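Read off the chains here:
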Amino acid sequence: MSFRLNPIVLNDDGSLVNTQMSFFSSYSVLSDRYKRDLQKGWAGLFRTLIMPYIDENPYRVLYSERPCRSNVPVNVLMGAQILKLMKSIPNDDDLREKACYDLEFRYALCCENYEGAPFSDNVLTRFRRACILHYIDTGEDLIHETFDSLKDQFVKLMEIDPTLFSIDSTMIDTWAKDMNRLELLYVNNELMIRAITGVVTRKREPKTTTVKHNLDMIDGQLKFASAPDESIGNEQLQAFRKEREIEIQRAKALLPEQLHRYLDISDKNIITYHSEAPYRDRLNAVTGDSSVLLSFCEEHTEYQAEPYYQTFIRILKEQCKEDGSGTYTVRGSGDGMDSGIVQNPHDPDATYREKDGEKYKGYVTGFTQSKNADGETLVMDYNIEKNNISDQELGTALLMNHAIPDPETRTQCVGDSLFNSDAMQQVATKKNIEIINTNLTGKTPPDHCADHQFDDGGNLTMCAGGVTPESTKLNKDGSCTAKFNKEDCVSCPYSEQCRKTEQVKYNSLKTSTKVKDRAEQIRSRNTDEFKELANFRNGVETIPSFLKNKYHAEEDRAFGLAAKKLSVGFMYIAINVTKVVQFAQRRVESALN
């Protein structure tokens, strides 16, 4: 399809500029009163605040440059995807029906003049797939670009202050099944054999019977009488089984005999669950099958071009080790297996991580949030990565991308103790951002350490008692060792709290700028400003609740990092759109009152 822009320009009454309203549209038959109700409701606010500001130009690369049938407008597809999340619509079929029969949806999407549904469920699927493939090929996240363009408009509308923002992260588990090592290796072999032969082992059979419902008089009452018809579907079932048998025989002729069992639909459950053979014997048998399958692929190099081949090799080498003769055996606990190994062949990007005593398999998302003078918040940025990277790495990337209107303006970033590292501090210093940690862990330094003075190189120039050290020395870990006269330490008011080391001639004190910064943070925790910042930081916890409880991010069947970036990106857009619509509704209500 070729790309066509669909600019949305609205009149004061919410109607489209330069568009003749159809006399037969469902909107035209409404009275003026109901039209005003529609304009003041969520549909009218979505129509005026969201649809005109969805930038379609970045999506031009997804379509053909040749003249052909034009595309369904991108802003309609994006708006429909946002409404799908906001209104908790479970699937694309229900969304298409809403866009076809529900006047509020049609009005919100500026489609009240369309005849029938403005799109099909297949169009939405193809659009999402095109965005994912574009990201895989180019690394360009079109959904994040739409998030940024809408966010810029929302910041102006809500008067958000970007010089104060909170930062947090949350784990998003994959929907893919948890597998033990035996099942993982078995499914790995099965998927590679499917790629070679084209045989889907666990393909569902068509139903053998259907039920006819007829109205009939039963016991003097009109009821439905259910009568199964055994003839319907039997021919289809027999044809399916015959075709399947032909496929299996063809596959057996192609594969080594040792691998024929992977074509049996019941073999997986027998091997992984029901077999009484020792677990180690079953694991060694499946690993031996993997060695045979790898040798088969090396002999027939054309199968190495299959998309799944690289995943097959990756799982085999992560879970097994080669003994030098081409045979693979299962790795032991001391053979080196990190958190980046594949957890499920269907979702090879999902990784493993333990945090706060919990085990996670999937992805991690970080995000920032700012507010306006009335305390109304907006998500400013986000990212999604494999969950085996640290919160400090996520935070560093978010700090680098955070837009600051004026570099000379003091900007504050509020987060918990996990978002604090040397890399984050370097980025924060470069961008004039002050990092404030509301939950500090580890040892607490004495309060007077906040009054130590250091030069630019990290050397202690004067202690909290006002004494200049006799000598200083920088250590490899970035700390400083300073030596003081013992006589000066006797008269120091902080002598008892000071963590000095008494030596023969001098007293030695090991400290650093980190200790000073930490002491300053602890001292500031008792101020009203800090308490207000801590309350603001606590508000960011609503974002994980939105993602997991309202939008069901952990039940989303988006497998792979690219697909997860797209699905979670839509969720962040929906969060911001919900906040803006609620903000506008409150303004409308206050104006009416």
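Structural data are supplied above this passage.
Residues numbered from 1 in each chain as written. Predicted model: local features only at pLDDT ≥ 70, side-chain atom pairs only at ≥ 80, totals over all residues. Heavy atoms only, no water.

J.: Sorry if this is basic, but what is going on with helix 7 (residues 142-158) here?
T.: Counting along an α-helix, one turn takes 3.6 residues, and residues three or four places apart therefore face a common direction. With 17 residues, helix 7 should cover 24 Å at 1.5 Å per step; its first-to-last C-alpha distance of 24 Å lies within 8% of that length. Taken together, the buried positions of helix 7 are occupied by L142, I143, H144, T146, F147, L150, K151, F154, V155 and M158. With a side-chain oxygen positioned 3.2 Å from the backbone nitrogen of I143, the residue opening helix 7 is D141. Following helix 7 by one or two positions, E159 adopts a phi angle in the positive range, close to 55 degrees. (Helix = DSSP H or I, 4+ residues; strand = E, 2+ residues; numbered from the N terminus. Expected span 1.5 Å × (residues − 1). Buried < 20%, exposed > 50% of the residue type's maximum accessible area, 1.4 Å probe, protein only. Polar contact = N/O pair within 3.5 Å; in protein donor to acceptor, adjacent residues only side chain to side chain.)

J.: Got a minute to help me understand the packing of helix 8 (residues 181-197) against helix 11 (residues 279-299) in this structure?
T.: Packed helix pairs are characterised by how far apart their axes lie and by the angle those axes make with each other. Contact geometry of helix 8 with helix 11 gives a least axis separation of 9 Å together with a crossing angle of 25 degrees. In this view, helix 8 runs roughly parallel relative to helix 11, as classed from their interaxial angle. Relative to helix 11, the crossing made by helix 8 is left-handed. Contact residues: helix 8 offers R181, L182, L185, Y186, N189, M192, I193 and I196, while helix 11 offers Y279, R282, L283, V286, T287, D289, S290, L293, F296 and C297. By residue class, the composition of the contact of helix 8 with helix 11 is 12 nonpolar, three polar and three charged. (Axes fitted to C-alpha atoms, helices over the stretch in contact; angles between N-to-C directions. Parallel < 35°, antiparallel > 145°, perpendicular 65-115°, else oblique. Left-handed = near helix turned anticlockwise from the far one by under 90°. Contact = heavy atoms within 4.5 Å. Nonpolar A, V, L, I, M, F, W, Y, C, P; charged D, E, K, R; others polar.)

J.: Any chance you could explain the packing of aromatic side chains here in plain terms?
T.: The relative placement of two aromatic rings is captured by the distance of their centres and the angle of their planes. Tallying each qualifying case throughout the model produces nine aromatic pairs. With a centroid separation of 5.6 Å and an interplanar angle of 75 degrees, the aromatic rings of W42 and F105 are classed as edge-to-face. Of this pair, W42 sits in helix 2 (residues 42-49) while F105 is found in helix 5 (residues 103-108), placing the two residues 63 residues apart along the sequence. W42 gets classed as buried once you look at its relative accessible area, which sits at 15%. A ring pair is formed by Y59 and F127, whose centres lie 5.6 Å apart and whose planes are at 35 degrees; its orientation type is tilted. Note that Y59 is positioned in the loop between helix 2 and helix 3 (74-86) and F127 in helix 6 (residues 121-138), a separation of 68 residues in sequence. There is no split in this pair, since Y59 and F127 are both buried. Ring-pair connections join several aromatic residues into one group, and the members of that group are F147, F367, Y382 and Y572. Just above the ring of Y107 sits the side chain of R47; from NZ or CZ to the centre is 4.2 Å. (Phe/Tyr/Trp six-rings, centres within 6.5 Å; stacked < 30°, edge-to-face > 60°. Lys NZ or Arg CZ within 6 Å of the ring centre and 35° of its normal.)

J.: Even after reading the chapter, I still don't get the nonpolar core, so can you show me in this structure?
T.: Looking at soluble globular proteins, one finds that nonpolar side chains tend to be buried together. Of all hydrophobic cores here, the largest spans 77 residues; its most connected members are F46, M78, L109, F119, I143, Y572 and V577. Counting residues per element, this core draws most heavily on helix 19 (residues 561-592), which supplies 16 residues. Formed by 35 residues, the second largest nonpolar core is a distinct cluster that contains L182, I193, Y262 and F312. (Core = buried A, V, L, I, M, F, W, Y, C linked by side-chain atoms within 4.5 Å.)

J.: What is the right way to read the pairing of strand 8 (residues 377-386) from this model?
T.: Here is the key point about a regular strand: its side chains alternate between the two faces of the sheet. Where burial is concerned, most of strand 8 is hidden: eight out of the 10 residues are buried. Counting the residues between successive antiparallel strands, the hairpin from strand 7 (residues 358-371) to strand 8 contains five residues, one of them, G375, with a positive phi of roughly 85 degrees. (Pairing = 2+ DSSP bridges.)

J.: Please clarify how unusual backbone geometry should be interpreted in this entry.
T.: The phi torsion of most residues other than glycine is negative, and most of the peptide bonds are trans. With phi around 60 degrees, C110 is a residue other than glycine that occupies positive phi space. Tracing the backbone shows C110 in the loop between helix 5 and helix 6. For C110, a relative accessible area of 8% translates into the label buried. Phi is positive for E159, close to 55 degrees, though the residue is something other than glycine. Within the secondary structure layout, E159 lies in the loop between helix 7 and strand 1 (161-173).

J.: What is the right way to look at the pattern of salt bridges in this model?
T.: In a structure, side chains of opposite charge can pair up when their charged atoms sit close to one another. Overall, the coordinates contain 21 salt bridges when judged by the stated rule. Between K98 and D102 there is a salt bridge, and its shortest N-O distance comes to 3.5 Å. A relative accessible area of 34% means that K98 is categorised as partly exposed. The partner of D374 in a salt bridge is R587, with the nearest N and O atoms 3.8 Å apart. With a gap of 213 residues between them, D374 in the loop between strand 7 and strand 8 and R587 in helix 19 connect regions that are remote in the sequence. Looking at R587, the relative accessible area reads 41%, which means it is partly exposed. (Salt bridge = Lys/Arg side-chain N within 4 Å of Asp/Glu carboxyl O.)

J.: Could you clarify how one ought to interpret the packing of helix 11 against helix 12 (residues 309-319) in this entry?
T.: Contact geometry of helix 11 with helix 12 gives a least axis separation of 12 Å together with a crossing angle of 140 degrees. Between helix 11 and helix 12, the angle falls in the class oblique. Crossing of helix 11 against helix 12: the hand is left-handed. Counted together, S290, L293, L294 and C297 of helix 11 and Y309, F312, I313 and L316 of helix 12 form the full contact between these two elements. Split by residue class, the contact of helix 11 with helix 12 holds seven nonpolar, one polar and no charged.

J.: Honestly, empty space enclosed by the protein in this entry has me stumped. Any pointers?
T.: Gaps left between atoms are located by rolling a probe of water-molecule size over the structure's atoms. Tallying each qualifying case throughout the model produces four cavities of 30 Å³ or more. In this structure, the largest cavity encloses a volume near 170 Å³. If you trace the largest cavity, you find 16 residues lining it, with C463, C489, C492, C498 and L509 closest to the centre. Elements represented by at least two residues in the lining of the largest cavity include exactly helix 15 (486-490) and strand 16 (506-511). Across the lining of the largest cavity, the residue classes break down as nine nonpolar, five polar and two charged. (1 Å grid on protein atoms, 1.4 Å probe; cavity = no way out; pocket = protein on both sides within 12 Å on 5 of 7 lines; lining within 4 Å. Points joined across faces, edges and corners; volume = space filled by probe spheres on them.)

J.: I'm lost on the sheet that holds strand 14 (residues 480-485) in this one. Help?
T.: Either a parallel or an antiparallel arrangement is found when strands of a sheet pair, and the pairing is made through backbone hydrogen bonds. Taken in spatial order, the four strands line up as 13-14-16-15 in an open sheet, and their pairing is antiparallel. Here the strands that pair on one side only, and so sit at the sheet edges, are strand 13 (471-474) and strand 15 (501-502). The pairing of strand 13 with strand 14 spans four bridges and is antiparallel. Its bridge partner being in strand 14, S471 is matched across the sheet by K483.

J.: Help me out: how do you make sense of the layout of surface pockets in this one?
T.: In this model, the largest pocket occupies a volume close to 900 Å³. Taken together, 30 residues make up the lining of the largest pocket; nearest its centre are R128, D556, R557, A558 and S567. Elements with a contribution of two residues or more to the lining of the largest pocket: helix 3, helix 6 and helix 19. When residues in the lining of the largest pocket are grouped by element, the largest group, seven residues, is from helix 19.

J.: Honestly, the side chain of N507 in this entry has me stumped. Any pointers?
T.: Topologically, N507 is positioned in strand 16. Residue classification places N507 among the buried residues on the basis of a relative accessible area of 4%. Excluding anything up to four places from it in sequence, N507 contacts A482, K483, F484, K486, C489, K500, T501 and E502.

J.: In this structure, what is going on with the side chain of N383? I would like to understand it.
T.: Within the secondary structure, N383 is located in strand 8. Filtering out sequence-adjacent residues up to four positions away, N383 remains in contact with V364, T365, G366, L394, A397 and L398.

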